[in-house]
Amino acid sequence: MGIRDLPTKNNLIKLKSFIKQSKQGRKLLEQKKMILKREIDKYMEEQEELKRYGEDLLIDAFESLRNANVDIGIEEMVSIANGIKQDNSLDIKYVTVMGAQIPSVILKSEIKPEINYGLYNTTSAVDEAISKFIHVKEYLVKLARVETTILRLQISIEKVERRANALEQVIIPKDEKIAQKISEILDEMEMEEFARQKVMKKKK
């Protein structure tokens, strides 16, 4: 038996206060879960819109790439692609939504790769393909932000649910059972004391 299980009035008062706080905590966790679910619904709608937009964008971009391949050849397009420098224009920061770290992706500058090919051996189809894949990259940045946000919100909701379930199914019932037991023991002790006092009065 732990110290908090000892049948004293002080322990009973503390335990009832703890149970009250646990119930308030569970209610707050339920409210937090509702807010997180509203947030995730919002981002899932954005995800669906992005995917619908992305389907046409990708089809169009790959069509322009095929045209460029036909014009100057696949090897030349691969050479141009390999010559484009790595893009370091992304800046990722995080904002907190109900304890969940949500990514905020900022493009430091417009995504425009340096031209590393001559105009003599290329055609307008190459320029068009590069331009459209720049838009694809911007789209993928937005999609990655949204999908990462959804994943982080889902993880946060699962954590909240585990804590709420632990309070509701384990911690609160256990403490209520201990409080009831202490209350019963104290009632029994009071009855015994009352009977003892009554006997003593009769002896006097």
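Residues numbered from 1 in each chain as written. Predicted model: local features only at pLDDT ≥ 70, side-chain atom pairs only at ≥ 80, totals over all residues. Heavy atoms only, no water.

1. Quick notes on the overall build of the protein chain
What counts here: Segments assigned H or I by DSSP are reported as helices when at least four residues long, segments assigned E as strands when at least two residues long, and all are numbered from the N terminus. Buried, partly exposed and exposed residues are distinguished by accessible area as a fraction of the type maximum, computed with a 1.4 Å probe on protein chains only: under 20%, between the cut-offs, and over 50%, respectively. Throughout, a residue-residue contact means that at least one pair of heavy atoms, one from each residue, lies within 4.5 Å. Every accessible area reported is derived by Shrake-Rupley at a probe size of 1.4 Å, with residue values counting cover from the shown protein chains alone.
Helices and strands together make up the secondary structure of the protein chain, namely three helices and two strands. Out of the 204 residues in the protein chain, the part that is buried amounts to 28%. Looking at the protein chain alone, contacts between residues at least 24 apart form 75% of all its contacts between residues at least 6 apart. Summed over its atoms, the accessible surface of the protein chain is roughly 14,700 Å², and 55% of this surface lies on carbon and sulfur atoms.

2. Side note on the nonpolar core
Definition in use: By convention a nonpolar core is built from buried Ala, Val, Leu, Ile, Met, Phe, Trp, Tyr and Cys residues, the set being connected through side-chain atoms within 4.5 Å.
Ranked by size, the top nonpolar core spans 21 residues in total, and within it Tyr 43, Ile 102 and Leu 153 carry the most contacts. Sorting the residues of this core by element identifies α1 (9–72), β2 (100–107) and α3 (124–203) as the ones contributing at least two each. With residues near it in sequence (within four places) discarded, Leu 153 still touches Leu 36, Glu 39, Ile 40, Tyr 43, Ala 100 and Ile 102. Of all hydrophobic cores here, the second largest spans nine residues; its members include Ala 68, Met 77, Val 126 and Ala 129.

3. Comments concerning unusual backbone geometry
Positive phi outside glycine occurs at Met 98, with the angle close to 50 degrees. Along the polypeptide, Met 98 turns up in the loop between β1 (90–97) and β2.

4. Observations concerning the packing of aromatic side chains
Cut-off, in case you're wondering: The rule is short: rings of Phe, Tyr and Trp, with Trp giving its six-membered ring, pair when the centres are within 6.5 Å, and they are stacked under 30 degrees, edge-to-face over 60, tilted in between.
Applying the stated rule across the entire model yields two aromatic pairs. Taken together, a centroid distance of 6.0 Å and an interplanar angle of 65 degrees make the contact between Tyr 53 and Tyr 139 edge-to-face. One end of the pair, Tyr 53, is in helix α1; the other, Tyr 139, is in helix α3, with 86 residues separating them in the sequence. Overall, the relative accessible area of 48% leaves Tyr 53 in the partly exposed class. Between Phe 62 and Phe 133, the ring centres sit 5.3 Å apart and the planes meet at 90 degrees, which makes this aromatic pair edge-to-face. Here Phe 62, found in helix α1, pairs with Phe 133, found in helix α3; they are 71 residues apart in sequence, far enough to count as distant. Given the relative accessible area of 27%, Phe 133 is considered partly exposed.

5. Overview of a negative patch on the surface
Keep this limit in mind: Patches here are clusters of residues that have more than 30% relative accessible area and form no salt bridge, with a 9 Å joining cutoff for like charges and a 5 Å cutoff for nonpolar side chains (Val, Leu, Ile, Met, Phe, Trp, Tyr). Throughout this description, the term salt bridge denotes a Lys or Arg side-chain nitrogen within 4 Å of a carboxyl oxygen of Asp or Glu. Note that His is not counted, nor are the chain ends; the positive residues are Lys and Arg, and the negative ones are Asp and Glu. To locate a charge, take atom NZ for lysine, CZ for arginine, CG for aspartate or CD for glutamate.
Taken together, the side chains of Glu 184, Asp 187, Glu 188 and Glu 192 make up a negatively charged region of the molecular surface. Relative to the helices and strands, Asp 187 is located in helix α3.

6. A word on the packing of α1 against helix α2 (residues 74–83)
Condition: Geometry is summarised by axes, namely lines fitted to C-alpha atoms with helices restricted to the contacting stretch, and by angles between N-to-C directions that run from 0 to 180 degrees. Three categories are distinguished: nonpolar for Ala, Val, Leu, Ile, Met, Phe, Trp, Tyr, Cys and Pro, charged for Asp, Glu, Lys and Arg, and polar for the others, with Gly belonging to the last.
Where α1 meets α2, the axes come as close as 7 Å, and the angle between the chain directions of the two elements is 115 degrees. Taking contact as the criterion, the partners of Leu 65, Ala 68, Asn 69 and Ile 72 in α1 are, on α2, Ile 74, Glu 76, Met 77 and Ile 80. Of the residues contributing to the contact of α1 with α2, the split by class is six nonpolar, one polar and one charged.

7. Some words on the confidence of the model for the protein chain
Spelled out, the test is: Residue-level confidence of the predictor is summarised by pLDDT, bounded by 0 at the bottom and 100 at the top.
Averaged over every residue, the pLDDT of the protein chain is 85; residues scoring 70 or more account for 89%. Confidence, expressed as mean pLDDT per element, reaches its minimum in the protein chain at β2 with 79 and its maximum at α1 with 93.

8. Focus: the pattern of salt bridges
According to the stated counting rule, one finds nine salt bridges in the structure shown. In this structure, Lys 9 and Glu 190 form a salt bridge, with 3.7 Å as the shortest nitrogen-oxygen distance. Remark: Glu 190 occurs in helix α3 and Lys 9 occurs in helix α1; sequence separation between them is 181 residues. For Lys 23, the salt bridge identified is with Glu 176, shortest N-O distance 3.0 Å. Here Lys 23, found in helix α1, pairs with Glu 176, found in helix α3; they are 153 residues apart in sequence, far enough to count as distant. Judged by its relative accessible area of 38%, Lys 23 is partly exposed. Ionic contacts of the salt-bridge type, sharing partners, join the residues Glu 30, Lys 33 and Glu 161 into one network.

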